[in-house]
Amino acid sequence: MTTVNTGAPEAAGEPTGQQDVATARTSRPSRTSRLRRGIAAVAVIATGTGVIGLGTGVSPAAAESAPAHAGWDGSRYWFKNSQGQWRWTSHYSVYAARTGGGSASAAKATTGSGGIKEGWDGSRYWFRNSKGEWRWTSHYDIYLERTGRGSSGSGGAGHTEDSVAQDPNVEAAVQFALSKLGVPFRTAGNGPDGYDCSGLVQQAFRHGGISLPRVANDQYAATTPIRASQLRRGDLLFWSPDGTPRGIQHVAIYLGDNRYVEAARPGTKVRISGISSGYYPAYMGRP
């Protein structure tokens, strides 16, 4: 059994003379020695719990469930390190370097869902250049220009109104909402540093000179109801958990090509999402 001198004399052995005091002082570890031991103990504990900085924007996945596959999951890029452990980073350049994907702009890496597809992937717009090489941009107007959808309105897969709204005031509202991509969700937020769903919609259309109420179900009441076949850029999509107009709890701005811009929920940022059968809007309206 190892005995460690804590430096605290017991009552029975308390020094009573000058020589005893000197002996007690000599037997106690110096303050510097105790400090070094403490730092070493902390280092051991930190290493044991896996709290080790990886650098370059890469974080351990110890406290999070493993992803289904490597690549973008909607908020970060996942990959496995040389030991087969899951790691993630918010930087595409780091992800590309760790997975052998090369330069971010060349975009030679494919995703687990079957490869790159043109359009929004949750973080950027993808398109092919004149040589057929994949490129990306975070600017919607550049994406429209490079894909020939900006001025001609010939979107290919979709109606002409999918590229530019027929009403310039509505298009101004759409552009305002798109300019807020990446701004955090904030409950009851009206901007500029945070929005909730109806706050983003109200402020966007106010920017376009169109007045809308503040709450999602009231916004639906202020629109002209339309069918899915009538949808065009700038229309509003509404979700209702109970299927009634008064139960509407979420609203988003339709962009065309089954995409919409939204302030989704706490913990997310203003983003572009795609209409899916598992989360289909209950109502649609035209401001």
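Preceding block: the structure.
Residues numbered from 1 in each chain as written. Predicted model: local features only at pLDDT ≥ 70, side-chain atom pairs only at ≥ 80, totals over all residues. Heavy atoms only, no water.

A.B. asks: In this structure, what is going on with the overall build of the protein? I would like to understand it.
C.D. replies: From N to C terminus, the protein includes 7 helices and 13 strands. Here the protein holds 287 residues, and 37% of them are scored as buried. Contacts in the protein between residues far apart in sequence, at least 24 positions, make up 47% of those at least 6 positions apart. Within the structure as shown, the protein displays about 16,600 Å² of accessible surface, and the carbon and sulfur contribution to it stands at 52%. (Helix = DSSP H or I, 4+ residues; strand = E, 2+ residues; numbered from the N terminus. Buried < 20%, exposed > 50% of the residue type's maximum accessible area, 1.4 Å probe, protein only. Contact = heavy atoms within 4.5 Å. Areas by Shrake-Rupley, 256 points an atom, 1.4 Å probe, with all protein chains shown as cover.)

A.B. asks: Is there a simple way to explain the pattern of salt bridges in this structure?
C.D. replies: Opposite charge on two side chains allows them to pair when their charged atoms are near. Taken as a whole and judged by the stated rule, the model has 7 salt bridges. Glu 133 is paired through a salt bridge with Arg 135; the nearest N and O atoms lie 3.1 Å apart. Owing to a relative accessible area of 35%, Glu 133 belongs among the partly exposed residues under this scheme. We classify Arg 135 as partly exposed; its relative accessible area is 25%. Residue Arg 214 is joined to Asp 196 by a salt bridge in which the shortest nitrogen-to-oxygen separation is 3.0 Å. In this pair, Arg 214 is assigned in the loop between α6 (197–207) and α7 (216–221) and Asp 196 in the loop between α5 (168–178) and α6, connecting sequence segments 18 residues apart. With a relative accessible area of 23%, Arg 214 lands in the partly exposed category. The buried category is assigned to Asp 196, whose relative accessible area is 11%. (Salt bridge = Lys/Arg side-chain N within 4 Å of Asp/Glu carboxyl O.)

A.B. asks: Mind showing me how you'd approach α6 here?
C.D. replies: An α-helix turns once per 3.6 residues; consequently, residues spaced three or four apart project the same way. Counting buried residues along α6, 9 of its 11 residues qualify, which places the element largely inside the surrounding structure. Restricting attention to buried positions, one finds in α6 the residues Cys 197, Ser 198, Gly 199, Leu 200, Val 201, Gln 202, Gln 203, Ala 204 and Phe 205. On its buried side, α6 packs onto α5, α7, β9 (236–239), β10 (250–256) and β11 (259–262). Positive phi appears at Gly 209, one or two residues downstream of α6, with a value of about 80°.

A.B. asks: It is not clear to me how the environment of Asn 258 should be interpreted in this structure. Could you clarify?
C.D. replies: As for its position among the elements, Asn 258 is in the loop between β10 and β11. The exposure class assigned to Asn 258 is partly exposed, which follows from its relative accessible area of 46%. The spacing of Asn 258 and Ser 276 is 18 residues in sequence and 8.3 Å in space, taken between C-alpha atoms.

A.B. asks: Would you mind going over the sheet that holds strand β12 (residues 271–274) with me for this structure?
C.D. replies: As a general point, the strands of a sheet are linked pairwise by backbone hydrogen bonds and lie either parallel or antiparallel. In spatial order, the strands read β8-β13-β9-β10-β11-β12; together these 6 strands make up an open sheet with antiparallel pairing. Where the open sheet ends on each side, the last strands, each with one partner, are β8 (224–225) and β12. Strands in contact with α5 are β10, β11 and β12; relative to β10, the strand with the most contacts, it is inclined by about 110°. Lying over the sheet, α6 contacts β9, β10 and β11, oriented at roughly 50° with respect to β10. (Pairing = 2+ DSSP bridges. Axes fitted to C-alpha atoms, helices over the stretch in contact; angles between N-to-C directions.)

A.B. asks: In this structure, what is going on with the packing of aromatic side chains? I would like to understand it.
C.D. replies: The description of two aromatic rings rests on the distance between their centres and on the angle between their planes. Under the defined criterion, the tally for this structure stands at 4 aromatic pairs. Considering the side-chain rings of Tyr 220 and Phe 238, the 5.2 Å spacing of their centres and the 70° angle between planes classify their relative orientation as edge-to-face. Here Tyr 220 is found in helix α7, whereas its partner Phe 238 is found in strand β9, with 18 residues between them in sequence. According to the relative accessible area criterion, Tyr 220 is buried, its value standing at 13%. On the basis of an interplanar angle of 50° and a centroid distance of 5.1 Å, the ring pair of Trp 239 and Tyr 260 is categorised as tilted. On the criterion of sequence distance, the pair formed by Trp 239 in strand β9 and Tyr 260 in strand β11 is long-range, its members being 21 residues apart. The buried category is assigned to Trp 239, whose relative accessible area is 5%. The structure contains a cluster of three or more aromatic residues connected by ring pairs, namely Tyr 220, Phe 238 and Tyr 283. (Phe/Tyr/Trp six-rings, centres within 6.5 Å; stacked < 30°, edge-to-face > 60°.)

Note that all results are geometric; they support no functional claim without further evidence.
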